[in-house]
Amino acid sequence: MYKLLICEDESLERKALNLLIQRHYRNIHLVGYATTGFEAIKLAHQHLPDIILMDIEMPQCNGLDAQKEICRFLPNVNTVIITAYNDFSYAQQAIKCGVIDFLLKPIAPNDLYNCLDKILKSIKKADSSSTVPPEYTDYIQKILDYIDYHYLDNLNLSDLASEFNLNEKYLSRYFKQKMGTSFTEYIIKLKIERSKNMLEYSDAPIYEIAADLNFNDASYFTKVFQKQEGISPSQYRKNTANSRHFKS
């Protein structure tokens, strides 16, 4: 999963961006919202995102100044500036700060998707060119990429083995050896991480979230969530809502 941070002080813009990303990408996890430049720096420190959508005009510390600070500890972050101003001087400053692209408000969905697609392609290319054992690059990374795109499609180990022309029992052992967890446990963790994002940043009822993640029913989802996180989905939503209220 690729981690994305939204830095935007306008509530409607934040919700619109989150909705567009959730609908289109299964391999992007929204790690949080920042409503000020200082909060952007703090959350970037905390989550080390792969991608940042950064509004220029934010309180306390503007987006470009926040980006300069973030680049000190996260030099390879893929930051996209969001702005209502089609101003060349902003572009010049942003390039010096390591920004890789611009999105003009109001953001058209296709512009956002094209931008994120290019970033994901670039990240994958950089990952595949890094010095890792050949078998990891050839099998595990490709397998993980495939899982990221298909884990909500009732993907099972047999289907995965067929996709990569591997023996199912061998794949099961190989996956656990490389990842330190079973295939089933890995899928559950992906689903729970996605559910946490939905619980925190949407008003969808528990049963809808369970259905979206292909759990048999809401009670089973609740049982699995509580086993993984130690609290129920409802309590998690309440806790995160209280946390955001306290921060604001």
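Above this text sits the structure in question.
Since the model is a prediction, treat every value here as computed from it, not as a measurement.

Rules used in this analysis
- Residues numbered from 1 in each chain as written.
- Predicted model: local features only at pLDDT ≥ 70, side-chain atom pairs only at ≥ 80, totals over all residues.
- Heavy atoms only, no water.
- Helix = DSSP H or I, 4+ residues; strand = E, 2+ residues; numbered from the N terminus.
- Buried < 20%, exposed > 50% of the residue type's maximum accessible area, 1.4 Å probe, protein only.
- Contact = heavy atoms within 4.5 Å.
- Areas by Shrake-Rupley, 256 points an atom, 1.4 Å probe, with all protein chains shown as cover.
- Core = buried A, V, L, I, M, F, W, Y, C linked by side-chain atoms within 4.5 Å.
- Pairing = 2+ DSSP bridges.
- Axes fitted to C-alpha atoms, helices over the stretch in contact; angles between N-to-C directions.

(A) Spotlight on the overall build of the protein chain. Of the regular secondary structure elements, the protein chain holds 12 helices and 5 strands. Relative to its 248 residues, the protein chain shows a buried fraction of 44%. In the protein chain, once contacts between residues fewer than 6 apart in sequence are set aside, the share between residues at least 24 apart is 65%. For the protein chain, the accessible surface area stands at approximately 13600 Å², while carbon and sulfur atoms represent 50% of it.

(B) Representation of the nonpolar core in the model. Among the nonpolar cores identified, the biggest contains 32 residues, and I143, I147, L160, F175, F183 and F221 are the most heavily contacted of them. Contributing elements (two or more residues each) for this core: α6 (134-150), α7 (157-163), α8 (168-179), α9 (183-201), α10 (206-212) and α11 (218-229). A per-element tally of this core places α9 first, with 7 residues. Apart from residues lying up to four places away in sequence, L160 is in contact with I143, Y146, I147, L155, L171 and F183. In terms of nonpolar packing, the next biggest core, distinct from the first, is built from 24 residues, I6, Y25, I82 and I119 among them.

(C) Highlighting the sheet that holds strand β3 (residues 51-55). Pairing within the open sheet is parallel, and its 5 strands lie in the order β2-β1-β3-β4-β5. Where the open sheet ends on each side, the last strands, each with one partner, are β2 (28-34) and β5 (101-104). Within this sheet the neighbouring strands show an average axis-to-axis angle of 20°, counted without direction. Sheet strands in contact with helix α2 (residues 37-47) are β1 (2-7), β2 and β3, and its direction is about 145° off that of β2.

(D) Representation of the environment of S182 within the structure. Tracing the sequence through the fold places S182 in the loop between α8 and α9. Along the chain, S182 and S172 lie 10 residues apart, while their C-alpha atoms are 7.1 Å from each other. Those residues within four positions of S182 in sequence are excluded, and the remaining contacts are F175 and K176.

(E) A look at the side chain of N78. Tracing the backbone shows N78 in strand β4 (residues 78-83). N78 sits in the buried class, given a relative accessible area of 12%. With residues near it in sequence (within four places) discarded, N78 still touches D50, I51, I52, I100, I119 and I123.

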